[in-house]
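# Overview (structure and organization)
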Amino acid sequence: MTDAIRAEGLVKRFKNTTALAGVDLVARSGAVLGVLGPNGSGKTTTVRVLATLLRPDEGRALVGGHDVVAEPHLVRRQIGLTGQYAAVDQDLTGTQNLMLIARLLGFSRRDARARAAELLERFSLTDAGERPARTYSGGMRRRLDLAASLVGRPSLLFLDEPTTGLDPHSRNELWGVVRGLVGDGVTVLLTTQYLEEADQLADDIAVIDHGRVISTGTPEELKARAGDQVLEMRPTDTGRLADAAGIVTAVTGTTAHTAGDSIRASVADPAALPAVVRRLDDAGVAVAELTLRRPSLDEVFLALTGHPAEPADTTDTAATTDPAGTRQELQERTNA
Amino acid sequence: MTATAERPAAPAAIPAIPHRVTPVTAVWHGMLLTWRSLLRIRGNPAEVLGLTFMPIMFVGLFVFVFGEAMMGDWRTYRDFIIPGITAQSVIFATIGTGVSLNTDIEKGIFDRFRSLPIARSAPLIGAILGDMTRYLLTVIMVLLVAVSIGFRPAGGLVGVLGAAAVVLLFAFGLCWLSAFFGLALRSATAVNIFGSIWMFPLTFGSSTFVEPERMPTWMSVFAQVNPVTHVTDAMRGLMLGGPVAEPLLWTVVWSVALVAVFFPLATRAYRRRS
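Predicted model only: the values in this text are computed from it and were never measured. (Residues numbered from 1 in each chain as written. Chains lettered and ligands numbered in written order. Predicted model: local features only at pLDDT ≥ 70, side-chain atom pairs only at ≥ 80, totals over all residues. Heavy atoms only, no water.)

## Observations concerning the overall build of chain A
Helices and strands together make up the secondary structure of chain A, namely 13 helices and 14 strands. Looking at chain A as a whole, 51% of its 336 residues are labelled buried. For chain A, the accessible surface area stands at approximately 14,300 Å², while carbon and sulfur atoms represent 49% of it. (Helix = DSSP H or I, 4+ residues; strand = E, 2+ residues; numbered from the N terminus. Buried < 20%, exposed > 50% of the residue type's maximum accessible area, 1.4 Å probe, protein only. Areas by Shrake-Rupley, 256 points an atom, 1.4 Å probe, with all protein chains shown as cover.)

Rendered as C-alpha cells:
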C-alpha cells in the first residue's frame, strides 16, 4: 500500500521568516502520524501545505497519491481538515453547519440532513443540533468542527493541534474520537505540542523544530534514541539533596541534576540501581522515592533539540509545563 | 464519548465527488454559500437589529428632528431625504461585507471551505451575493418605513424600482472596495473603523441631507464631485422627478470604475490571504 503522505524538502518562506526549511515527512496509510514541535516550529504551515491551503516555495508533496500543487482538487477529495481554531459558523446551528458542508460535497438535501444527524449523534451533539454554534462550549465547538471535517468520509484527516485550549476532560474525549477514527481505517496526521498527546495517539512521530524534521520514529524508538534510562530519586529529608546527588553521580558516572526536591540522572547500566540503594543506605540518606524509567518525551525533545519543548509563552501550554498539571493528566488517563 | 458505528437506520449515502469542478458546479457552490450568508441573518440578532431598527431610527430622527428646521415642513424634508437615506443605509451596509470576510478568514472558516473539493471562488461569490441580498433588504426596509410615514413618490413603483437599481449598482461597486479592505487589513475592528472613516464624509458630505449650494464653497465642491451625490441625485430624479441622465451617467462611471479597480485587487488579496 502506498503512503498516505509523502513530502520531500518542503520549503515555505514568509516575508521575514522561513517557516519550513526542508520538511521531509511520510505518513503510512491507516496510521496516526504525530507531528510534534513547539510553537512556531512549522507544524501548522506543514499542515496548510499538505491540505492545499498554501503553495510550497520548494519541494513536493504527494497526499493520497496526488501532488498538492498540481492536483489540489484531487487531494481535497480525500482529506478532512480540523484547524487550531474551531472553524464553524457561529451564527449557524450545528445541523446547518454540517448540512452546508454536505451540500457542498454534493449530498442531496435529504442525505445531507441524515448525514448531519449521524455525525451529531456520533459526537454527542444531537441535543444541541438546533442551537447556534455560538452557544456551544469550547469542547462542543471543537467536536462540531471535527464532525464537519468528517462529513465526506475522508480517508485522510489533518488535525492541527486539536486539543489546544481544551480542558482535560474534553481532551480525553477527543482522544477517544481519534482512536475510533483510526479503527475505521482513517489515516490521521496530528500536530501537537503536547508530548503526552503524541505518545498517547501516534504510531509514528516526526519531531519538528525550526521548520525541519529533526527526528522520526515510533514513540518507543524516540525514547530509546534519547539513550539511557532515567534514574529519579527523592530523599525524605530535602536537606540531604546534595549528599544524595553526590552519591548518585559517583555511582552512575553521569552528573545528577537536582530538580525541585528530587534528583535525576541518566543511567547506562540498570545494575547501577542496587548500588545506588546500598550507597544511600550506607550514608544514612532515607529514600522517599526511587525509580528507574525510560525518558519521557519531554526529555527526548530536550535531548534531540537542546532546548525544552515548550517555550513558556502561552497560557495554553501551562498545563503541561507545570508538573502538577502533568501529574493530573496522567491520573486522568489511568482513570479513563 | 466513544466513536461508535454509524446509526444503522438509513445511513446517508456518500456521493462520489467529481474529479473536477465545472463552471456549473462552481455556480452551485456559490449559491450554497450565498444561502449560508443569508442563514446568518436569522442566526444573528445584531444583524436583524441592524436591518430593522437602523432604518427606523435614521428615517425617524432625520425627518422629525431636522425636517421643520431645514424646510419648514417635515413632509417636504421627508421627500427630499428619503432617496439619500436609502443610499446612505446601503453604503453603510457595505462595510459589513469587508468585516464579515475578514472574520471568516480569521476564524478559519475559509480554510475549511478551501480544503473542500469545491470551486475556489465560491466563498467569495457567496459572500458578495449574500451581501447584495442584504443591501436589497436594507432598501426595502427604508422604503417601508418611509411609506409608513406618508412617503408617496411621484415616480411611482417604476421610479422606486429604478432608484433601487441605481443604488444596488453603486453598492455592487462599493462592496468590492469593502471586500478588498476586509481581505487586506488584519483585524475586523480595523476594517470597521477604516470603513466608517470613509463612509461618514462620503454620505454626509453629499446632497443627501442638504443641497450642496447651501454649503460653504469648499464643502460644496467636495459634495459636487462626491459619487454619493450622483447616486442620490439619480435616485431623487427617478423617485420624485427631475434630471436623471447626468447623475445616472456619473453613477455608472463610478460603479464601473470601482469594480475595475477593486475587483482585481480584492480577488488578488483573496487568493493571497485565503
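## Digging into the sheet that holds strand β12 (residues 257-259) of chain A
All names here are of chain A. On the basis of which strands lie adjacent, the open sheet formed by four strands has the order β12-β13-β11-β14 and antiparallel pairing. Because the sheet does not close on itself, it has two edges, and the strands there are β12 and β14 (287-293). Each adjacent strand pair in this sheet contributes to an overall mean axis angle of 20 degrees, direction not counted. The sheet contact formed by β12 and strand β13 (residues 262-267) spans three bridges and is antiparallel. Residue pairing for β13: Thr-258 is matched across the bridge by Ile-263. Contacts from helix α9 (residues 241-252) reach β11 (229-235), β12 and β13 within the one sheet, and its direction differs from that of β13 by about 5 degrees. (Pairing = 2+ DSSP bridges. Axes fitted to C-alpha atoms, helices over the stretch in contact; angles between N-to-C directions. Contact = heavy atoms within 4.5 Å.)

## Looking at the environment of Ser-262 of chain A
Residue and element names in this part refer to chain A. Among the secondary structure elements, Ser-262 is positioned in strand β13. Note on Ser-262: relative accessible area 9%, which makes it buried. Sequence separation between Ser-262 and Arg-141 is 121 residues; the distance between their C-alpha atoms is 41 Å. When neighbours within four sequence positions are excluded, Ser-262 is seen to be in contact with Glu-232, Met-233, Arg-234, Leu-241 and His-257.

## Quick notes on the pairing of strand β7 (residues 156-160) of chain A
Each regular strand carries side chains that alternate between the two faces of the sheet. All names here are of chain A. In terms of residue burial, β7 counts as a mostly covered element, since five of its five residues are buried. Burial along β7 is two-sided: Leu-156, Phe-158 and Asp-160 facing one way and Leu-157 and Leu-159 facing the other are all buried. Looking at chain direction, strand β6 (residues 79-82) and β7 are connected through four bridges and run parallel. Each residue of the ladder has a partner; that of Leu-81, found in β7, is Phe-158. Relative to strand β8 (residues 187-192), β7 runs parallel, the two sharing five bridges. Within β8, the position partnered with Phe-158 by the bridge is Leu-189.

## A closer look at the UniProt feature "domain: ABC transmembrane type-2" (unreviewed entry) in chain B
Residues given the UniProt feature "domain: ABC transmembrane type-2" (unreviewed entry) here are residues 46-273 of chain B. With 83% helix and 0% strand, the stretch residues 46-273 of chain B has end C-alpha atoms that lie 27 Å from each other. (UniProt positions renumbered as here; feature names shortened; annotations may be inferred.)

## Brief notes about the domain arrangement of chain A
For chain A, the assigned domains read domain 1 (5-223) and domain 2 (228-294). Computed over C-alpha atoms, the centres of domain 1 of chain A and domain 2 of chain A are 43 Å apart. (Domains from an automatic or database assignment.)

## Notes on the interface of chain A and chain B
Facing 47 residues of chain A, the contacting portion of chain B comprises 41 residues. Buried surface at the junction of chain A and chain B, summed over both partners, amounts to about 4,200 Å²; 56% is from carbon and sulfur atoms. If you sort the residues of chain A by the area they bury against chain B, Arg-76, Arg-77 and Leu-104 of chain A come out on top, with a joint share of 16%. For the pair chain A and chain B, the number of links is five salt bridges. Across the pair Arg-36 of chain B and Asp-89 of chain A runs a salt bridge whose closest N-O atoms are separated by 2.8 Å. Joining chain A to chain B, the criterion identifies 12 residue pairs in polar contact (both at pLDDT 80 or more). Sorting elements by how many residues they give to the side of chain A that touches chain B places helix α4 (residues 109-122) of chain A first, with seven residues. Residues belonging to the side of chain A that touches chain B are distributed by class as follows: 21 nonpolar, 10 polar and 16 charged. (Buried area = accessible area lost by both parts, 1.4 Å probe. Salt bridge = Lys/Arg side-chain N within 4 Å of Asp/Glu carboxyl O. Polar contact = N/O pair within 3.5 Å; in protein donor to acceptor, adjacent residues only side chain to side chain. Nonpolar A, V, L, I, M, F, W, Y, C, P; charged D, E, K, R; others polar.)

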